[in-house]
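Observations on the three-dimensional arrangement
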Amino acid sequence: MNIFYKIEDVARMVGLTKRTLRYYEEIGLLTPPERSEGGFRLYTDAHVERLKKLINARDVLGFSLQELQQYVSMSEEFINQRDEFKQTEDRELRLQKINELEQTVNKQLELIDLKLEKMKNMRSEIHLLKDRITEAKSKYKQE
């Protein structure tokens, strides 16, 4: 039996606003939930788990909404490919599905690596600033 949550419950559970939840639904980050007879959104545990994954990718990886959409799209593609693999008996077709899974995972890694590279560059810039400050500080101490 499914447990259903109202939008305010989900917002509180995941730490987002109701407006953000509606927006995530609007741009396709979250599948639209069923609605009650009165038109209220009825979220499930699957919605809550997906939101937690989205928030984690946003916070830990620093993904923008566009990057989140890409990441979610790739994750869904992976799930579909994995399901197709499980339903296939043919050896050649299974190998093809494994190759598709590998390509999808490689795309996800590329997205993460790109974000990490940007972070490294930004960190280097901050280190240069720190070095310049240290240099200026030692110059003023000598005077």
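Higher on the page you've got the structure.
The notes below deal with the structure included here. (Residues numbered from 1 in each chain as written. Predicted model: local features only at pLDDT ≥ 70, side-chain atom pairs only at ≥ 80, totals over all residues. Heavy atoms only, no water.)

**A look at the overall build of the protein chain**
Across its full length, the protein chain carries 5 helices and 2 strands. Across the protein chain, helices and strands are ordered from the amino to the carboxyl terminus as α-α-β-β-α-α-α. In terms of C-alpha radius of gyration, the protein chain reaches 22 Å, well past the compact-globule figure of 15 Å for 143 residues. The C-alpha extent of the protein chain, read off along each of the three principal axes, is 75 × 50 × 20 Å. Considering the protein chain as a whole, with its 143 residues, one finds that 26% of them fall into the buried category. Pairs at least 24 apart in sequence give 54% of the contacts found in the protein chain among residues at least 6 apart. In the form shown here, the protein chain has an accessible surface area of approximately 10,800 Å², with 52% of it arising from carbon and sulfur atoms. Distance from the positive charge centre (26 side chains) to the negative charge centre (26 side chains) of the protein chain: 7 Å. (Helix = DSSP H or I, 4+ residues; strand = E, 2+ residues; numbered from the N terminus. Rg over C-alpha atoms; globule rule 2.2 N^0.38 Å. Buried < 20%, exposed > 50% of the residue type's maximum accessible area, 1.4 Å probe, protein only. Contact = heavy atoms within 4.5 Å. Areas by Shrake-Rupley, 256 points an atom, 1.4 Å probe, with all protein chains shown as cover. Lys, Arg positive; Asp, Glu negative; His and termini not counted. Charge placed at Lys NZ, Arg CZ, Asp CG, Glu CD.)

**Concerning the packing of helix H1 (residues 7–14) against helix H3 (residues 45–61)**
With their axes 10 Å apart at the nearest point, H1 and H3 run at an angle of 40 degrees to one another. With respect to their mutual orientation, H1 and H3 come out oblique. In the crossing of H1 with H3, the sense of the turn from one axis to the other is right-handed. For the pair H1 and H3, contact is made by Val10, Met13 and Val14 and by Val48, Leu51, Lys52 and Ile55, respectively. Taken together, the residues that form the contact of H1 with H3 break down as 6 nonpolar, no polar and 1 charged. (Axes fitted to C-alpha atoms, helices over the stretch in contact; angles between N-to-C directions. Parallel < 35°, antiparallel > 145°, perpendicular 65-115°, else oblique. Left-handed = near helix turned anticlockwise from the far one by under 90°. Nonpolar A, V, L, I, M, F, W, Y, C, P; charged D, E, K, R; others polar.)

**Some details on the side chain of Gln108**
Within the secondary structure, Gln108 sits in helix H5 (residues 91–142). At a separation of 3.1 Å, a polar atom in the side chain of Gln108 contacts the side chain of Ser75. (Polar contact = N/O pair within 3.5 Å; in protein donor to acceptor, adjacent residues only side chain to side chain.)

**Some details on the packing of aromatic side chains**
How two aromatic rings sit relative to each other is set out by the distance from centre to centre and by the angle between their planes. Counted under the stated rule, the structure contains 1 aromatic pair. A cation over an aromatic ring shows up here: Lys6 above the ring of Phe40, its NZ or CZ 5.8 Å from the ring centre. Seen from the ring of Phe85, Arg94 lies directly overhead, with NZ or CZ sitting 4.0 Å from the centre. (Phe/Tyr/Trp six-rings, centres within 6.5 Å; stacked < 30°, edge-to-face > 60°. Lys NZ or Arg CZ within 6 Å of the ring centre and 35° of its normal.)

**A few points about the layout of surface pockets**
Volume-wise, the largest pocket comes out at about 300 Å³. Lining the largest pocket are 13 residues; nearest its centre among them are Arg50, Lys53, Tyr71, Ser75 and Ile79. Those elements that place two or more of their residues in the lining of the largest pocket are H3 and helix H4 (65–87). Examining the composition of the lining of the largest pocket, we find that 7 residues originate from one element, H4, more than from any other. Within the lining of the largest pocket, the residues separate by chemical class into 8 nonpolar, 1 polar and 4 charged. (1 Å grid on protein atoms, 1.4 Å probe; cavity = no way out; pocket = protein on both sides within 12 Å on 5 of 7 lines; lining within 4 Å. Points joined across faces, edges and corners; volume = space filled by probe spheres on them.)

**Notes on the nonpolar core**
Counting residues in each nonpolar core, the largest one holds 22 residues, and the members touching the most others are Val10, Leu21, Tyr24 and Leu51. Of all the elements in the fold, those that place two or more residues in this core are H1, helix H2 (18–26), H3 and H4. Counting residues per element, this core draws most heavily on H3, which supplies 6 residues. In contact with Val10, not counting residues within four places along its chain, are Tyr5, Leu21, Tyr43, Val48 and Leu51. (Core = buried A, V, L, I, M, F, W, Y, C linked by side-chain atoms within 4.5 Å.)

**Some thoughts on the pattern of salt bridges**
The tally for this structure, following the rule as stated, stands at 10 salt bridges. One salt bridge connects Asp59 with Arg58, and the closest N-O pair in it is separated by 2.8 Å. (Salt bridge = Lys/Arg side-chain N within 4 Å of Asp/Glu carboxyl O.)

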